[in-house]
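This is what each chain is made of:
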Amino acid sequence: MGKTITEKILSEHLVEGTLQAGEPIALRIDQTLTQDATGTMAFLQFEAMGLDETKNELAVSYVDHNTVQVGFENADDHEYLRTVAARYKAVYSRPGNGICHQLHLERFGIPGKTLLGSDSHTPTGGGIGMIAIGAGGIDVAVAMGGGPFYMTAPKVVQIRLEGELRPWVSAKDVILKVLSIFGTKGNVGTVFEYGGPGVKTLDVPQRATITNMGAECGVTTSVFPSDEQTYAFMQAQNRGGDYRELLADEDAQYDQVVTVSLSELEPLAAAPHSPGNIVPVRELAGMKVDQVCIGSCTNSSYTDLRITAEVLSGRTVSPEVSLGVAQGSRQVMLMMAKEGHLASMIQAGARILESACGFCIGNHLSPGNNAVSLRTSNRNFEGRSGTKDAQVYLVSPETASLAALHGKFVDPLAQQETACPEVSMPETFITDDSMFLFPSENTNVEIKRGPNIGDPPVNEPLPADLIGEAAIKVGEKITTDHIMPAGQRLKYRSNIPAYAEYVFEHVDGTFSARAGKNRDAGVHNFIIAGDSYGQGSSREHAALCPMYLGVKAVIAQSIERIHMANLFNFGILPLLFEHPEDYHRIDQGDALEIRGVRRELADAEGSDLKLKLVNRTKGSEIPLTVPVSARQRKLLLAGGLLNFTREQQG
Ligand code: MIC
Ligand code: SF4
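Calculation criteria
Residues numbered from 1 in each chain as written. Chains lettered and ligands numbered in written order. Predicted model: local features only at pLDDT ≥ 70, side-chain atom pairs only at ≥ 80, totals over all residues. Heavy atoms only, no water. Helix = DSSP H or I, 4+ residues; strand = E, 2+ residues; numbered from the N terminus. Contact = heavy atoms within 4.5 Å. Areas by Shrake-Rupley, 256 points an atom, 1.4 Å probe, with all protein chains shown as cover. Lys, Arg positive; Asp, Glu negative; His and termini not counted. Charge placed at Lys NZ, Arg CZ, Asp CG, Glu CD. Core = buried A, V, L, I, M, F, W, Y, C linked by side-chain atoms within 4.5 Å. Buried < 20%, exposed > 50% of the residue type's maximum accessible area, 1.4 Å probe, protein only. Polar contact = N/O pair within 3.5 Å; in protein donor to acceptor, adjacent residues only side chain to side chain. Salt bridge = Lys/Arg side-chain N within 4 Å of Asp/Glu carboxyl O. Pairing = 2+ DSSP bridges. Right-handed = clockwise from strand over helix to strand, strands pointing away. Axes fitted to C-alpha atoms, helices over the stretch in contact; angles between N-to-C directions. pLDDT = per-residue confidence, 0-100. Left-handed = near helix turned anticlockwise from the far one by under 90°. Nonpolar A, V, L, I, M, F, W, Y, C, P; charged D, E, K, R; others polar. Near = heavy atom within 4 Å. Parallel < 35°, antiparallel > 145°, perpendicular 65-115°, else oblique.

**Student:** Looking at this structure, I do not really get the overall build of the protein chain. What am I missing?
**Tutor:** Within the protein chain one finds 20 helices and 27 strands. Dimensions of the protein chain, computed from the C-alpha atoms along their principal axes, are close to 70 × 55 × 50 Å. Taking as baseline every contact in the protein chain between residues at least 6 positions apart, the subset at least 24 positions apart corresponds to 77%. Total accessible area computed for the protein chain in this model is approximately 22,400 Å², and 46% of it derives from carbon and sulfur atoms. Where the 57 positive side-chain charges of the protein chain centre and where its 77 negative ones centre are 3 Å apart.

Following this line, the structure appears as structure tokens:
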């Protein structure tokens, strides 16, 4: 039987298990990436595990998230990352070089390789035919040390593209269409593999926009074939020698096939406050717009920015709109500058931002109260922009730049005033790697640790019984931004006691103090949640900081993949209601118990753990379950991956 691209790459990298959907497997990881917001903790954990140097083919440490630098903390983090990379032989990408995913695609991604990144948008690499997966920092630390990555073998869904995009319709609209079909929950354990005749009409930057935002569906990753388009991109990046063709076999079997007709697509938008809330732009036409932000790892390629510059050229941004533009990398910015397109944007009144995450993570350009903000980024969760009541719409650069000129949503297809720019990928990109610091043989480097950088906290082994309270009850689709806010709190990523003060900050500002008090009194904290808990980012701080506050279990209707793995990694039991409606039988503050939990775990066999929760307040019993591998049971018993690794090292 023929193989899918996913099966080909996974089977070449399989080191444990069988490739059958739902089975636990372990993969060899060729390349890793970290970024500063998750990377400090990843490297601190790398050090705490006693690893002596990076052993995978390539480890790159990017600095792109915290570049605004209010206070000394971020600059100290950068110094730590620069010196620790030199010490352990990782490549260091200096601040100003660009956004990790854009840069990795440009300079390092290789078809057929595996990439593990401590960022949920690592699947951007699927645009160049990699199996690129987002994970928590500690999993990436293990992979940097040459260890395998443990995951569940995915099912593979083919998204069959037919036809060709019309002018004004872009790759962003393709992925927004995919989001309208699959939604943001219920896709755990799936890979989206793109195929069909429409694939060859999309270049690598367009493909990368699509695989990047597949993360919003909650899939393990997304992947495109590696074909002539891939070769053209790699050649243009002066890396043609790394090209390898990688196509699905004609008789490859998919678990499901969904067809998307590119020719029938129209400009779309994700309306507040979810990337899955898709509406056609024509239905929004006329709505007043206050802010437009173009950039982020989703849409900041040379082509995206050229289109923006062409639309803006010779005109002025509406007086009622503030337009921010962040180019994805130094390469993009340099080319835009040399070719004069940067000048067109400046002339039009765009605010030129650093090549970094900035506005996307609420670190810059927070919109005004109640403002309508159009962004080309990938997430519009409530409050993520830094303004709780801002109305953030996710759109293509085409739709965004027209709105910036007109001060309102304009349906690009319904207007004649501006012609659609004809821009294609350049045949040669300017390549200059001088902002990467490559490791040398001299690793005798002093690692610089500022006062905001602490050791990673260590958990206790799992207690015999869990006896405590429902410290918080939250609803459905709780994102990692709800659990661990970013924006102005980002500077505490290397300082867990300080960061832990902000757990659930915008959901319930009293949680952290309450949970800390329970912990100190020996009362175990439980988090109760609805469907799709832990959507969004890979930030392991959403498990690490609750762990620090004495959270022992999350009981939810469902939990998203990366967050579930992070909970295991930090020794927090991720439990599911066997009957989802039992969610309603627990209230915040109820006294809860799981007696004999340690013994149950130690004795369990097979892959489904069943536990009994007693709600003392209500006098009821609630059955819980969780799919758990033998390795995950050991992680929980040890109190997390760090303890487990240390135990193994004896
Ligand atoms: C995000 O887009 O939410 C982030 C910030 O890039 C996160 C990583 C982080 O929290 O540092 C992600 O997507 O994993
Ligand atoms: Fe950065 Fe935003 Fe991309 Fe996350 S989604 S890596 S914050 S640009």
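**Student:** What's the story with the nonpolar core in this structure? I'm lost.
**Tutor:** Nonpolar side chains in soluble globular proteins tend to end up buried together. Judged by nonpolar contacts, the single largest core of 105 residues is most densely connected at Phe504 and Tyr533. A per-element tally of this core places helix α5 (residues 137–144) first, with six residues. If near-sequence neighbours (up to four positions away) are discounted, tyrosine 533 is found in contact with Val474, Ile478, Ile483, Phe504, Ile527, Val554, Ala556, Ser558, Ile559, Glu560 and His563. Within the second largest apolar cluster, 58 residues are counted, among which are Val60, Leu105, Val281 and Val372.

**Student:** Whenever I open this one, the side chain of serine 120 confuses me. Can you help?
**Tutor:** Considering the arrangement of structural elements, one finds serine 120 in the loop between β6 (114–117) and β7 (131–134). Within polar-contact distance, the side chain of serine 120 engages the side chain of arginine 379 at 2.8 Å. With residues near it in sequence (within four places) discarded, serine 120 still touches Gly134, Ala215, Arg379, Gly536, Ser537, Ser538 and Ile562.

**Student:** Can you help me understand the environment of arginine 330 in this one?
**Tutor:** The residue arginine 330 is located in helix α10 (residues 330–338) in this model. Residue classification places arginine 330 among the partly exposed positions, given a relative accessible area of 21%. Distance from arginine 330 to aspartate 36, taken between C-alpha atoms, is 17 Å for residues 294 residues apart in sequence. Those residues within four positions of arginine 330 in sequence are excluded, and the remaining contacts are Gly96, Asn97, Ser355, Asp432, Ser434 and Met435.

**Student:** When you look at the pattern of salt bridges in this model, what are you seeing that I'm missing?
**Tutor:** Pairing between side chains of opposite charge can happen when the charged atoms of each approach one another. In this structure the tally under the stated criterion is 38 salt bridges. Where aspartate 520 meets arginine 519, a salt bridge forms, and the shortest distance between an N and an O atom there is 3.0 Å. The class of aspartate 520 is exposed, set by a relative accessible area of 60%. Its relative accessible area of 31% is what places arginine 519 among the partly exposed residues. Each member of the salt-bridge network shares a partner with another, and the members are Glu53, Lys89 and Glu441.

**Student:** Would you explain the pairing of strand β4 (residues 58–62) in this entry?
**Tutor:** Regular strands place their side chains on alternate faces of the sheet. For β4, the buried fraction is high: five of the five residues fall into the buried class. Bridge count for strand β3 (residues 31–35) against β4 is five bridges, and the pairing is parallel. Among the inter-strand pairings, glutamine 31 is bridged to a residue of β4, identified as leucine 58. Assessed by its sense of winding, the connection that carries the chain from β3 through helix α2 (residues 36–48) to β4 is right-handed. The sheet contact formed by β4 and strand β5 (residues 91–93) spans three bridges and is parallel. When the bridges of β5 are listed, serine 61 appears paired with tyrosine 92. Regarding the hand of the β-α-β motif, the stretch spanning β4, helix α3 (residues 73–88) and β5 is right-handed.

**Student:** Any chance you could explain the sheet that holds strand β12 (residues 256–261) here in plain terms?
**Tutor:** In sheet architecture, strand pairing relies on hydrogen bonds along the backbone and comes in two forms, parallel and antiparallel. Judged by pairing direction, the sheet is parallel, and its four strands sit side by side in the order β11-β10-β9-β12 without closing on themselves. Two strands close off the open sheet at either side, each with one partner strand: β11 (221–223) and β12. Neighbour to neighbour, the strand axes of the sheet diverge by 25° on average, direction disregarded. As paired strands, strand β10 (residues 190–195) and β11 are joined by three bridges and run parallel to one another. Bridged to glutamate 193 within β11 is valine 223. Strands β9 (155–162), β10 and β11 of the sheet are contacted by helix α1 (residues 5–13), whose axis makes an angle of about 125° with β10.

**Student:** Before we go on, may I ask you to explain the confidence of the model for the protein chain in this structure?
**Tutor:** The share of residues in the protein chain with pLDDT of 70 or more is 100%, and the mean pLDDT across the chain is 97. Ranking the elements of the protein chain by mean pLDDT puts helix α20 (residues 641–649) last, at 92, and strand β13 (residues 268–270) first, at 99.

**Student:** Mind showing me how you'd approach the pairing of strand β26 (residues 608–615) here?
**Tutor:** One ladder, built from two bridges, connects strand β25 (residues 591–594) with β26; its direction is antiparallel. When the sheet's bridge partners are listed, glutamate 593 is paired in β26 with valine 614. Direction of pairing for β26 relative to strand β27 (residues 620–627): antiparallel, over a ladder of eight bridges. The residue bridging aspartate 608 from the neighbouring strand is proline 627, located in β27. Hairpin connection between β26 and β27: a loop of four residues separates the two successive antiparallel strands, and glycine 619 in this loop has a positive phi of roughly 65°.

**Student:** Would you take a moment to explain the sheet that holds strand β2 (residues 24–27) for this structure?
**Tutor:** Overall, antiparallel pairing links the three strands, which are arranged β1-β2-β8 in an open sheet. Edge positions in the sheet fall to β1 (14–16) and β8 (149–152), since each has one partner strand and no second. Neighbouring strand axes in the sheet, compared pairwise and without regard to direction, differ in orientation by 45° on average. The sheet contact formed by β1 and β2 spans two bridges and is antiparallel. Residue glutamate 16 lies in a different strand from β2, and its bridge partner there is alanine 26. Sheet strands touched by α1: β1 and β2. Its angle to β1, the strand with the most contacts, is close to 55°.

**Student:** Can you help me understand helix α12 (residues 397–406) in this one?
**Tutor:** By the criterion of burial, α12 is predominantly enclosed, with nine of the ten residues buried. Considered for burial, the residues of α12 that qualify are Pro397, Glu398, Thr399, Ala400, Ser401, Leu402, Ala403, Ala404 and Leu405. If you follow the buried residues of α12, they end up packed against β15 (291–294), α9 (302–312), β16 (322–326) and β18 (372–375). Of the residues trailing α12, glycine 407 is marked for its positive phi of about 75°.

**Student:** Would you take a moment to explain the packing of α9 against α10 for this structure?
**Tutor:** Any two packed helices are characterised by how steeply their axes cross, that is the angle between the axes, and by the distance between the axes. Between α9 and α10, the shortest axis-to-axis distance is 10 Å and the interhelical angle comes to 35°. Regarding α9 and α10, the two cross each other, and that crossing is right-handed. Counted together, Tyr302, Leu305, Arg306 and Ala309 of α9 and Val332, Met335 and Met336 of α10 form the full contact between these two elements. When grouped by side-chain class, the residues that make up the contact of α9 with α10 number six nonpolar, no polar and one charged.

**Student:** How should I be thinking about the site of ligand 1 in this particular structure?
**Tutor:** What surrounds ligand 1 is a group of 14 residues, the closest being Asp119, Ser120, Arg493, Ser538 and Arg539. For ligand 1, an oxygen atom lies 2.8 Å from a polar atom in the side chain of arginine 384. For ligand 1, an oxygen atom lies 2.6 Å from a polar atom in the side chain of arginine 539. Here ligand 1 has 330 Å² of accessible area as a free molecule, and 97% of this is covered by the chains.

**Student:** Just to check I follow, could you spell out the packing of α9 against helix α11 (residues 341–348) for this structure?
**Tutor:** Their axes nearest at 9 Å, the elements α9 and α11 cross at an angle of 50°. Our classification of the angle between α9 and α11 gives oblique. Crossing of α9 over α11 shows left-handed handedness. Listed contacts from α11 to Tyr302, Leu305, Arg306, Thr308, Ala309, Glu310 and Leu312 of α9 are His341, Ser344, Met345 and Ala348.

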